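Survey of secondary and tertiary structure
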Amino acid sequence: MLQLLDQSPIKERQAPPPGPPGAGGGPHTGKVRDVSQADEAQGEWVAQVLRVAQKGDEAAFAELFAHFAPRVKAFLMKSGAGAALAEECAQDVMATLWHKAHLFDPARASVATWIFTIARNRRIDALRKARRPEPEDLPWGPEPEPDQADALALQQESTKLGVALARLPDNQRVLIEQAYFGDLSHGEIAKITGLPLGTIKSRIRLALEKLRQAMT
Amino acid sequence: MIRHHLNDALLMGYSAGQLPEAFNLIVATHISMCDACRARLESFDAVGGALLENLPDPVEDMGADSLEKVMARIRQTPPPPAPKPKPRGGVFPAPLRDYVGGDVEAVRWRSVGGGVRQAILPTARDASARLLYIPAGMAVPDHGHRGMELTLVLQGAFRDEVDHFGRGDIEIATEELEHTPIAEPGADCICLAVTDAPLRFNSFVPRLLQPFLKI
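Residues numbered from 1 in each chain as written. Chains lettered and ligands numbered in written order. Predicted model: local features only at pLDDT ≥ 70, side-chain atom pairs only at ≥ 80, totals over all residues. Heavy atoms only, no water.

1. Some details on helix H6 (residues 170-181) of chain A
Convention followed: Helix and strand definitions here come from DSSP, where helices need a minimum of 4 consecutive H or I residues and strands a minimum of 2 consecutive E residues; each element is numbered from the N-terminal end. A helix's residues, less one, multiplied by 1.5 Å, set its expected span. Any two residues whose heavy atoms approach within 4.5 Å are treated as being in contact.
In a regular helix each residue adds 1.5 Å, so 12 residues correspond to 16 Å; H6 of chain A covers 16 Å between its end C-alpha atoms and thus fits that length. As for H6 of chain A, its buried residues are in contact with helix H2 (58-78), helix H4 (111-128), helix H5 (148-166) and helix H7 (186-190) of chain A together with helix H1 (8-16) and helix H3 (35-53) of chain B.

Okay, structure coming up:
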């Protein structure tokens, strides 16, 4: 069972059914254990962010830092930052994580996704010096007690998306990495098609709709 | 009910942080009005998250004392004040209000003829953003464009050779499209229009005026 639920205020709910029948079978059986381990890790990161948000838990923050700060630094260096600037910005990103932990919504994003958005914004400030206006916030933050089943399902979809990306043909995956890490023009981005986003998209849509219903 | 949405390339470019500022503005404004595109954007953000999570080892080591430095900063920094709730319910969503300095009544319009008015918004010069005010029933001069033009309806509606566009709808017009948007009868139409190249009017006089109108 995922660690997601330990000491978190997430409502008790029946765990959702495992993935579609046969998802573990076929030629990728060898991946199954990896996927369930990755799911478990996703749940662990969610629990750590919630601990930071609710208790200012420094040990949980240290674990998040050890895992994500080097990735953020690598992301910034791939985007053209020197080592010193990347180090400084990665520290900024992690400090932002601490201060904004209460805004993290596990029904709408994985921890990696949420950190990616913070790192991207920091990169735009530091490297491109261009403004990137943000959409209007929804008129509410995350639910005070996020629904466990929704959070779990979203984290599982995030893992699946990672696996699907890893399985893309090399040339396509390289283009996507360039789009996110490097500098791909809008015209070049337009040529990238066929990203496997279907399920995660509907999952996020569902979470948004439930939020609107719950809060209005 | 929004029927005309952002395309994947714009959403991915916005998620990756690769769009010009004027494009960022129109994408953020549309998403403020459209949950479908907000969900699609967040799924593109998930791609960025998956790439970050799966960066090939070795990732970059942090400095030896970096965690201590960050903890020291966190302890010294008071938690940021909760952002003031922004006013809601106007014509312009929050990202656009930030550029205008208010809602519709704060716009400083300039006439461009035929009852049509515009206001250019301050963005980086790699693309341009302007508000258009088209009185009900009036047409925007027939024009093509050298690059891509995005038009987002904020009030009223317009129709052109492609379709009908109401509040929240965004038209993505490529270089090939020569169209004449006409405001539908009823309410005056207000749009946010963004181009990555100057507009090219087809009739002679507007083309002469173009440098003076800054479009």
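Read on, since the account is not over.
2. Topic: the interface of chain B and chain A
Rules: Accessible surface is computed with a 1.4 Å probe, and the buried area is the amount of it that two parts give up when combined, taken over both parts together. For this document, the term salt bridge refers to a Lys or Arg side-chain nitrogen within 4 Å of an Asp or Glu carboxyl oxygen. Polar contact is the term for a pair of N or O atoms within 3.5 Å; when the atoms are in protein, one must be able to donate a hydrogen and the other to accept it, and sequence-neighboring residues count only if both atoms are side-chain atoms. Just so you know the grouping, Ala, Val, Leu, Ile, Met, Phe, Trp, Tyr, Cys and Pro go in nonpolar, Asp, Glu, Lys and Arg go in charged, and all remaining residues, Gly too, go in polar.
Between chain B and chain A, the contact holds 60 residues from the first and 66 residues from the second. Summing both sides of the interface, chain B and chain A together bury roughly 5800 Å²; the carbon and sulfur share of this comes to 64%. For chain B, the biggest contributors to the area lost against chain A are Gln18, Leu52 and Met62 of chain B; these three give 12% of the whole. On inspection of chain B and its partner chain A, the count reaches 4 salt bridges. Close ionic contact of Glu42 of chain B with Arg108 of chain A constitutes a salt bridge, the shortest N to O distance being 2.5 Å. There are 18 residue pairs in polar contact (both at pLDDT 80 or more) connecting chain B and chain A. Elements supplying a minimum of two residues to the side of chain B that touches chain A: H1, helix H2 (21-33), H3, helix H4 (66-76) and helix H5 (94-100) of chain B. Per element, the largest residue contribution to the side of chain B that touches chain A is 17 residues, and it comes from H3 of chain B. Split into classes, the residues belonging to the side of chain B that touches chain A amount to 32 nonpolar, 13 polar and 15 charged.

3. Some thoughts on the environment of Arg97 of chain B
Residue and element names in this part refer to chain B. Turning to its location among the elements, Arg97 is positioned in helix H5. Residues Arg97 and Thr151 lie 54 residues apart in sequence; the distance between their C-alpha atoms is 17 Å. A polar side-chain atom of Arg97 sits 2.5 Å from the main-chain carbonyl oxygen of Phe92.

4. Some points on the packing of aromatic side chains
Defined as follows: Under the pairing criterion, centres of Phe, Tyr and Trp rings, with the six-membered ring standing for Trp, must be within 6.5 Å; the plane angle then separates stacked pairs below 30 degrees from edge-to-face pairs above 60, leaving the rest tilted. Throughout this description, buried means an accessible area under 20% of the type-specific maximum (1.4 Å probe, protein chains only), exposed means over 50%, and partly exposed covers the range between. Two thresholds decide whether a charge sits over a ring: the Lys NZ or Arg CZ must be within 6 Å of the ring centre and within 35 degrees of the ring normal.
Overall, the coordinates contain 9 aromatic pairs over all chains when judged by the stated rule. Between Phe158 of chain B and Phe165 of chain B, the aromatic rings sit 5.0 Å apart at their centres with planes inclined by 20°, giving stacked as the arrangement. Its relative accessible area of 1% is what places Phe158 of chain B among the buried residues. Using a relative accessible area of 1% as the deciding quantity, one classes Phe165 of chain B as buried. Taken together, the aromatic side chains of Phe75, Phe116, Tyr180 and Phe181 of chain A make up a single cluster linked through ring pairs. In this structure, Arg131 of chain A is placed above the aromatic ring of Tyr99 of chain B, and the distance from its NZ or CZ to the ring centre is 4.2 Å. Sitting over the face of the ring of Tyr14 of chain B, Arg132 of chain A holds its NZ or CZ atom 3.6 Å from the ring centroid.

5. Some points on the pattern of salt bridges
When charged atoms on two side chains of opposite charge get close, those side chains can pair. A complete count under the given rule lists 16 salt bridges over all chains for this structure. The partner of Asp45 of chain B in a salt bridge is Arg120 of chain A, with the nearest N and O atoms 3.2 Å apart. One end of the pair, Asp45 of chain B, is in helix H3; the other, Arg120 of chain A, is in helix H4, on a second chain. Both residues of the pair, Asp45 of chain B and Arg120 of chain A, belong to the buried class. When the shortest N-O distance is used, the salt bridge between Arg132 of chain A and Glu134 of chain A registers 2.9 Å. Given a relative accessible area of 11%, Arg132 of chain A falls into the buried group. Taking the relative accessible area as the measure of exposure, Glu134 of chain A reaches 38% and is therefore partly exposed. The network of salt bridges with common partners includes Asp92 and Arg122 of chain A together with Arg73 of chain B.

6. Notes on the sheet that holds strand S9 (residues 182-183) of chain B
Residues and elements named next belong to chain B. Selection criterion: Here, a strand pair is defined by DSSP locating no fewer than two bridges between the strands.
Taken in spatial order, the 3 strands make up an open sheet running S7-S6-S9, and their pairing is antiparallel. Unpaired on one side and paired on the other, strand S7 (164-165) and S9 mark the two borders of the sheet. As judged from the 2 bridges shared by strand S6 (residues 158-159) and S7, these two strands associate in the antiparallel manner. Among the inter-strand pairings, Arg159 is bridged to a residue of S7, identified as His164.

7. Comments concerning the sheet that holds strand S1 (residues 110-113) of chain B
Residue and element names in this part refer to chain B. Quick reminder of the rule: Between N-to-C directions, angles cover 0 to 180 degrees, with each direction set by a line fitted to C-alpha atoms, over the stretch in contact for helices.
Across the sheet, which stays open at both edges, the 6 strands sit in the order S1-S2-S3-S10-S5-S8 with antiparallel pairing between neighbours. Looking at strand neighbours, the two that pair on one side only are S1 and strand S8 (170-173), the edges of this open sheet. Each strand axis lies, on average, 25° off the axis of its neighbour in the sheet, ignoring direction. Both S1 and strand S2 (residues 116-121) contribute to a ladder of 3 bridges, which runs antiparallel. When the bridges of S2 are listed, Gly113 appears paired with Val116. Across the sheet, H2 lies against S2, strand S3 (128-134), strand S5 (149-155), S8 and strand S10 (189-195), angled at about 40° from S5, the strand it touches most.

8. Description of the packing of H2 of chain B against H3 of chain B
All names here are of chain B. Rule in force here: Any angle from 65 to 115 degrees is called roughly perpendicular, while one under 35 is roughly parallel, one over 145 is roughly antiparallel, and all others are oblique.
Contact geometry for H2 and H3: axes closest at 6 Å, N-to-C directions at 120°. Overall, the two elements H2 and H3 adopt an arrangement that is oblique. Each of His30, Ile31, Ser32 and Met33 in H2 lies in contact with H3, whose residues at this interface are Asp35, Cys37, Arg38 and Leu41. Counted by class, the contact of H2 with H3 contains 4 nonpolar, 2 polar and 2 charged residues.

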